Amino acid sequence: MKIFILTLVSSFILSCSSAQKTVDTKNNPENYASTITAQELKEMLYVYASDEMEGRMTGTKGQRMAAEYIRDFYIKEGIKAAPGTDNYYQHIPESYFEGKKNPQATENVIAFIEGAEKPEEVIVLSAHLDHVGVDDNGNVFNGADDDGSGTVAIMQIAQAFQQAVKDGNPPKRSILFLHVTAEEIGLYGSRYYTENPLFPLENTVSNLNIDMIGRIDPDKVDNPEYIYLIGSNKLSQELQDVSTAMNDKYTQLELDYKYDDPNDRNRFYYRSDHYNFAKNNVPVIFYFNGVHEDYHKVTDTPDKIEYNLLAKRSKLIFHTAWELANMENRIKNNVE
Ligand SMILES: [Zn+2]
């Protein structure tokens, strides 16, 4: 009898602890972060930055192929088109480029994972899908780092979130995977999105923008485990605090804020797509590896990408997005 009771009690304890364990495992974002791998990033980038894409110049056949590649990926992964798009595409008419030489219609590509508790609040992850085309001699600007690296990072991050959805663990808030076009010719795709947002910008909690995260700045060769973060506390100190906490916990990269110096002549804060969100008071982080000798040259090729580092930086962005999407209250702006 005594033994029987003990067995009952111990099996009760056992069943409790195993149930507890299941829940913990399911909620642990590290399991999902681990689906972001250097190998998959590499496989995707060798296609995305191949000569076949012809340098992805806005409005060209190569750029449309790039958009299709991105759309096909989301279809294959079972990640839905964002509501309000034409089967993932947000079309931008030729007239939007008035005054530009040789204006061409083009499109943003936008996928979506709906939040389970606060679907109206949205985290936007962005990277530009276009690049600068082909030179006068027909050499392709592959743009493996700029911004093939950010493009495949977002797709891998989306896949990680989708795995969580499949496990019955969707994010509380919604995530928008925004692949913007026409960045290289003047940040048009992101501007078009912020002028025609699919969710009101007041409900856009944050924009994490990735532009070039696969290489190492020559200044950093002795300490390559770094990433430059730009603008991360400009509109919301809480955003920077979340970012720092996630890095301390999971990725331990050196977070370098040198480009936040108001006297920095590069003015990177104004030079990529996050700026169109920031000017509308949406807190942003711009993730960036700095410039290098192949920047905007035909030698920005996929063989030069540091894939393990690209995976680690992508994981930092995933964890930051996960926390922003799942934390109790949305992050606050510094001045309301
Ligand atoms: Zn770029």
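Everything quoted here is computed from the prediction, not taken from an experiment.

### Looking at the overall build of the protein chain
Inference 1: Along its length, the protein chain carries 9 helices and 9 strands.
Inference 2: A globule of 336 residues ought to have a C-alpha radius of gyration of about 20 Å, and the protein chain, at 21 Å, matches this closely.
Inference 3: On the principal axes, the C-alpha backbone points of the protein chain span a range of 90 × 45 × 45 Å.
Inference 4: Each of the 336 residues in the protein chain was classed as buried or not, and the buried ones make up 47%.
Inference 5: Partitioning the intrachain contacts of the protein chain with sequence separation of at least 6 by distance along the chain shows that 82% fall at a separation of at least 24.

### Here we look at the packing of helix α3 (residues 38-48) against helix α5 (residues 144-166)
Inference 1: Remark: α3 packs on α5, axes separated minimally by 9 Å, with the N-to-C direction vectors making an angle of 130°. Taken together, the axis directions place α3 and α5 in an arrangement best described as oblique. By crossing handedness, the relation of α3 to α5 is classed as right-handed. Along its contact with α3, which presents Glu40, Leu41, Met44, Leu45 and Tyr48, the element α5 presents Ala144, Gly148, Ser149, Thr151, Val152, Met155 and Gln156.
Inference 2: By residue class, the composition of the contact of α3 with α5 is 7 nonpolar, 4 polar and 1 charged.

### Here we look at the environment of Glu184
Inference 1: Mapped onto the secondary structure, Glu184 falls in the loop between β5 (173-180) and α6 (188-195).
Inference 2: Residue classification places Glu184 among the buried positions, given that 22 C-beta atoms sit within 10 Å.
Inference 3: Along the primary structure Glu184 and Arg271 are separated by 87 residues, whereas in three dimensions their C-alpha atoms are 9.7 Å apart.
Inference 4: Setting aside residues no more than four positions away along its own chain, Glu184 makes contact with Asp130, His131 and Val132.

### Remarks on the pairing of strand β4 (residues 118-128)
Inference 1: Two elements, β4 and β5, share 8 bridges in a ladder whose sense is parallel. Bridging from a neighbouring strand, Ile123 pairs with Ile175 of β5.
Inference 2: For the crossover from β4 across α5 to β5, the handedness is right-handed.
Inference 3: Pairing of β4 with strand β6 (residues 204-210) involves 5 bridges; the strand directions are parallel. Within β6, the residue paired with Ile123 across the bridge is Ser206.

Basis of the calculations
- Residues numbered from 1 in each chain as written.
- Predicted model: local features only at pLDDT ≥ 70, side-chain atom pairs only at ≥ 80, totals over all residues.
- Helix = DSSP H or I, 4+ residues; strand = E, 2+ residues; numbered from the N terminus.
- Rg over C-alpha atoms; globule rule 2.2 N^0.38 Å.
- Buried ≥ 20, exposed ≤ 12 C-beta atoms within 10 Å, placed from the backbone.
- Contact = placed C-beta atoms within 7 Å.
- Axes fitted to C-alpha atoms, helices over the stretch in contact; angles between N-to-C directions.
- Parallel < 35°, antiparallel > 145°, perpendicular 65-115°, else oblique.
- Left-handed = near helix turned anticlockwise from the far one by under 90°.
- Nonpolar A, V, L, I, M, F, W, Y, C, P; charged D, E, K, R; others polar.
- Pairing = 2+ DSSP bridges.
- Right-handed = clockwise from strand over helix to strand, strands pointing away.

Any functional reading would require information that these geometric values do not contain.
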